[in-house]
Amino acid sequence: MNRTPLKELIHTEGGLVLPGVANALTARIAEDLGFPAVYLTGAGVANTFLGLPDMGLLSLSEMAAHVRAVTDAVEVPVVVDADTGFGNAVSVARTVQVLEKAGAAGIQLEDQIAPKRCGHFEGQEVISITEMQQKIRAAVEHRRSEETCIIARTDARAQHGLTEALKRAAGYAEAGADILFIEGLHSREELAQAGRAVPDVPKLANLVEGGKTPLLPKEELVAMGYSIILFANAAMQGAIRGSQKVLQALRETGSLDSVIAELAPWEERQRLVRKPHFDQLELRYSAEND
């Protein structure tokens, strides 16, 4: 297991590819494939747990429960999408403590007005720079460990343009953010400008299929100045497509014959959820072995 702290991983040579996960099983798959960290996506949890869009409908308690499940399931660091922090700066102080206690190694906060919207939807509105800086200060001052990364995201590009977004990123770095996340960039040129901003602070690029930001190669983004390349919903989108294909065949034919190759084998499924480990525990603690 890779237990390298997140603050070290963000300096990975060649960039850190961060996969989004919506649940503990997906986190185990990512860890099993060798990813050194995972990102618990708020959009993914809203979509898979509630069957609802990413429009600020999750509660802190719901997200904390998912954090605990994921951090119990994997050893790698878990970055958590905390949306707007579930309230004002005072609320953020509690949010950080709750999520950190649940196991979060990194906590992302954004500057949208609540209820927030997915960064690739239309209609995001943002709070003032000063209010967001206070949220970041509250997060930094109330984290239990200096190793917990505070990620500051700005959604100002949507309504106020790139210049305002870059100004906010610099202000959030001044407030103590460890990582900067400028969301909803529209072009290669905008990505390059944002990558050059605040050069002494690591930056995150979020790539979403179907979103506003072009899907550039990792190497190009790293050369632009990004330390983390986030694919927040790729795994979930793959799971949706796979589920649709299998279930459509099942509905149309009443059989799995045509899609059997699309299914993970029984043994692989049980390996991923560590059934052999629990079989050994049952054997060890069975009454017959007393």
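Right above here is the structure, for reference.
As the structure is a computational prediction, the values presented were derived from the model and not from experiment. (Residues numbered from 1 in each chain as written. Predicted model: local features only at pLDDT ≥ 70, side-chain atom pairs only at ≥ 80, totals over all residues. Heavy atoms only, no water.)

Draft legend 1. Representation of the packing of helix 7 (residues 157-174) against helix 8 (residues 188-196). The interhelical angle for the contact between helix 7 and helix 8, taken along N-to-C directions, is 45°, at an axis separation of 10 Å. The orientation of helix 7 relative to helix 8 falls into the category oblique. Judged by the sense of rotation from one axis to the other, the crossing of helix 7 with helix 8 is left-handed. Here Arg157, Leu162 and Leu166 of helix 7 come into contact with helix 8, specifically with Glu190, Gln193 and Ala194. Of the residues that constitute the contact of helix 7 with helix 8, the class distribution is three nonpolar, one polar and two charged. (Axes fitted to C-alpha atoms, helices over the stretch in contact; angles between N-to-C directions. Helix = DSSP H or I, 4+ residues; strand = E, 2+ residues; numbered from the N terminus. Parallel < 35°, antiparallel > 145°, perpendicular 65-115°, else oblique. Left-handed = near helix turned anticlockwise from the far one by under 90°. Contact = heavy atoms within 4.5 Å. Nonpolar A, V, L, I, M, F, W, Y, C, P; charged D, E, K, R; others polar.)

Draft legend 2. Up close: the packing of aromatic side chains. Under the criterion given, the structure shown has zero aromatic pairs. For the cation-ring pair, Arg153 lies above Phe181, with the distance from its terminal atom to the ring centre recorded as 5.3 Å. (Phe/Tyr/Trp six-rings, centres within 6.5 Å; stacked < 30°, edge-to-face > 60°. Lys NZ or Arg CZ within 6 Å of the ring centre and 35° of its normal.)

Draft legend 3. Fine view of unusual backbone geometry. The backbone of Phe86 sits at a positive phi, close to 60°, despite the residue not being glycine. Following the sequence through the fold, Phe86 ends up in the loop between strand 3 (78-81) and helix 5 (89-101). One non-glycine residue, Val198, adopts positive backbone phi at about 45°. Structurally, Val198 can be placed in the loop between helix 8 and strand 7 (203-206). Looking at Val198, the relative accessible area reads 17%, which means it is buried. (Buried < 20%, exposed > 50% of the residue type's maximum accessible area, 1.4 Å probe, protein only.)

Draft legend 4. Highlighting the pairing of strand 8 (residues 228-231). Alignment of strand 1 (residues 16-21) against strand 8, held across four bridges, turns out to be parallel. In the sheet register, Leu18 faces strand 8, and the bridge partner there is Leu230. Relative to strand 8, strand 7 runs parallel, the two being bridged by three bridges. Each bridged residue has a counterpart across the sheet, and for Asn206 the counterpart in strand 8 is Leu230. (Pairing = 2+ DSSP bridges.)

Draft legend 5. Region of interest: the environment of Gln108. On the secondary structure map, Gln108 appears in strand 4 (residues 106-110). Sequence separation between Gln108 and Leu33 is 75 residues, and the spatial gap between their C-alpha atoms is 24 Å. Leaving out residues up to four positions away in the same chain, Gln108 has contacts with Tyr39, Val80, Asp81, Ala82, Asp83, Ile151, Arg153 and Phe181. For Gln108, the side chain forms a polar contact with the side chain of Asp81, separated by 3.4 Å. (Polar contact = N/O pair within 3.5 Å; in protein donor to acceptor, adjacent residues only side chain to side chain.)

Draft legend 6. Representation of the pattern of salt bridges. The full count for this structure, using the stated rule, is 18 salt bridges. Between Arg251 and Glu252 there is a salt bridge; the shortest N-O distance is 3.9 Å. For Glu252, a relative accessible area of 52% puts it in the exposed group. Close ionic contact of Arg271 with Glu268 constitutes a salt bridge, the shortest N to O distance being 2.9 Å. Taken together, the residues span about one helical turn, with Arg271 and Glu268 both in helix 11 (residues 266-272) at a distance of three residues. Classification of Arg271 as partly exposed rests on a relative accessible area of 37%. (Salt bridge = Lys/Arg side-chain N within 4 Å of Asp/Glu carboxyl O.)

Draft legend 7. Local environment of helix 5. Here helix 5 contains 13 residues, and its C-alpha end-to-end distance of 18 Å stays within 8% of the 18 Å for a straight helix at 1.5 Å per residue. For helix 5, the secondary structure elements touched by its buried residues are helix 4 (60-73), strand 3, strand 4 and helix 6 (129-142). The N-cap of helix 5, judged by a side-chain oxygen 3.1 Å from the amide nitrogen of Val90 a few residues on, is Asn88. With its phi angle positive at about 120°, Gly103 sits one or two positions after the end of helix 5. (Expected span 1.5 Å × (residues − 1).)

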